[in-house]
Amino acid sequence: MFYSSVDSNARNGVGIIVDRHLKEEVMSVERRNDRIMSLRLNVGETETTLLSVYAPQIMGRDEAEKDELWSAMDEVMMAVPKEDGVLVGGDLNGHVGGNNDEEERVFGRQSFGRRNEGGQRIVDHAVAFDLAIMDTFFRKREEQLITYRSGGRRSQIDYLLWRRYHLEEIKDVKVINGDNVSAQHKLLVMD
């Protein structure tokens, strides 16, 4: 496991778990801050960059903190070679809601909730870097779209974004109910 946090007492942190068989294929790890880290690995004939992200919550956070995260994400993405596979995953703290015709390239028809400010930032990032919001591309029952539950509230705030150039490689994205990453978040996997 690769982990990034400011210090051991920090509230935020991100990590990437790599199967032991892929450990030798890790080419580099960049621990940007306590909200973003990237890992580049060689998978077969393709090099892939994985980004683990924890976005600030929409409510109660300074706009500058949110802007800083998305600016840092832009910088990391601009450094990734165009031919690389790219996976951005994590708690992006936004509701992407429905799409419009201009977003069809990055957005499927399966989502939960209404778009909010955080969701718009996710969609804008996906459009800018030609990433597909994979959670929205596969037909699921509403219950299988929910990635977060707390106090009777349910939402879809955890996402996997994949470079469209390699879209045909993905067969499914699903929420695994019962196997929790935390008390509130559900495990999200991509096949």
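Residues numbered from 1 in each chain as written. Predicted model: local features only at pLDDT ≥ 70, side-chain atom pairs only at ≥ 80, totals over all residues. Heavy atoms only, no water.

Draft legend 1. Spatial organisation of the side chain of arginine 35. With respect to the helices and strands, arginine 35 occurs in the loop between β3 (26–31) and β4 (36–43). Given a relative accessible area of 6%, arginine 35 falls into the buried group. Here the side chain of arginine 35 touches tyrosine 54 through a polar contact of 2.9 Å, landing on its backbone oxygen. Looking at arginine 35, its side chain comes within polar contact range of the side chain of glutamate 65, at 3.2 Å. (Helix = DSSP H or I, 4+ residues; strand = E, 2+ residues; numbered from the N terminus. Buried < 20%, exposed > 50% of the residue type's maximum accessible area, 1.4 Å probe, protein only. Polar contact = N/O pair within 3.5 Å; in protein donor to acceptor, adjacent residues only side chain to side chain.)

Draft legend 2. Just the packing of aromatic side chains, in detail. According to the stated counting rule, one finds 0 aromatic pairs in the structure shown. Stacked on the ring of tyrosine 54, the Lys or Arg arginine 35 has its end atom at 4.6 Å from the ring centre. (Phe/Tyr/Trp six-rings, centres within 6.5 Å; stacked < 30°, edge-to-face > 60°. Lys NZ or Arg CZ within 6 Å of the ring centre and 35° of its normal.)

Draft legend 3. Seen up close, helix α1 (residues 63–78). Between its first and last C-alpha, α1 extends 23 Å over 16 residues, near the 22 Å set by a 1.5 Å rise per residue. Among the residues of α1, those classed as buried are Lys66, Leu69, Trp70, Ala72, Met73, Val76 and Met77. Projected down its long axis, α1 shows its buried positions confined to an angular sector of 155 degrees, all on one face. Residues of α1 that are exposed and point more than 90 degrees away from the buried face comprise Glu68 and Met78. (Expected span 1.5 Å × (residues − 1). Arc of directions from axis to C-beta.)

Draft legend 4. Quick peek at the pattern of salt bridges. Per the stated rule, a full pass over the model turns up 19 salt bridges. In this structure, aspartate 67 and arginine 121 form a salt bridge, with 2.8 Å as the shortest nitrogen-oxygen distance. In this pair, aspartate 67 sits in helix α1 while arginine 121 sits in helix α2 (residues 117–128), placing the two residues 54 residues apart along the sequence. (Salt bridge = Lys/Arg side-chain N within 4 Å of Asp/Glu carboxyl O.)

Draft legend 5. A look at the nonpolar core. Counting residues in each nonpolar core, the largest one holds 25 residues, and the members touching the most others are Val88, Ile122, Leu131, Ile133 and Leu161. At the level of secondary structure, the elements contributing two or more residues to this core comprise β5 (46–54), α1, β6 (85–91), α2, β7 (131–133) and β10 (158–163). Take this core: its biggest share by element is 6 residues, from α1. Val14, Met37, Tyr54 and Leu160 belong to the second largest nonpolar core, which has 20 residues in total. (Core = buried A, V, L, I, M, F, W, Y, C linked by side-chain atoms within 4.5 Å.)

Draft legend 6. Highlighting the side chain of lysine 140. Along the chain, the position of lysine 140 falls in the loop between β7 and β8 (148–150). Within polar-contact distance, the side chain of lysine 140 engages the side chain of aspartate 172 at 2.7 Å.

Draft legend 7. View of the sheet that holds β10. In space, the 6 strands of this open sheet follow the order β3-β4-β5-β6-β10-β7, with mixed pairing throughout. Here the strands that pair on one side only, and so sit at the sheet edges, are β3 and β7. Ignoring which end each strand starts from, the neighbouring axes of this sheet average 15 degrees apart. Where β6 meets β10, 5 bridges bridge the pair, whose relative direction is antiparallel. Directly across from valine 88, in β10, lies its bridge partner leucine 161. Packing of α2 onto the sheet brings it into contact with β7 and β10, and relative to β7 it is tilted by some 145 degrees. (Pairing = 2+ DSSP bridges. Axes fitted to C-alpha atoms, helices over the stretch in contact; angles between N-to-C directions. Contact = heavy atoms within 4.5 Å.)

Take it as geometry only, folks, not as evidence of what the structure does.
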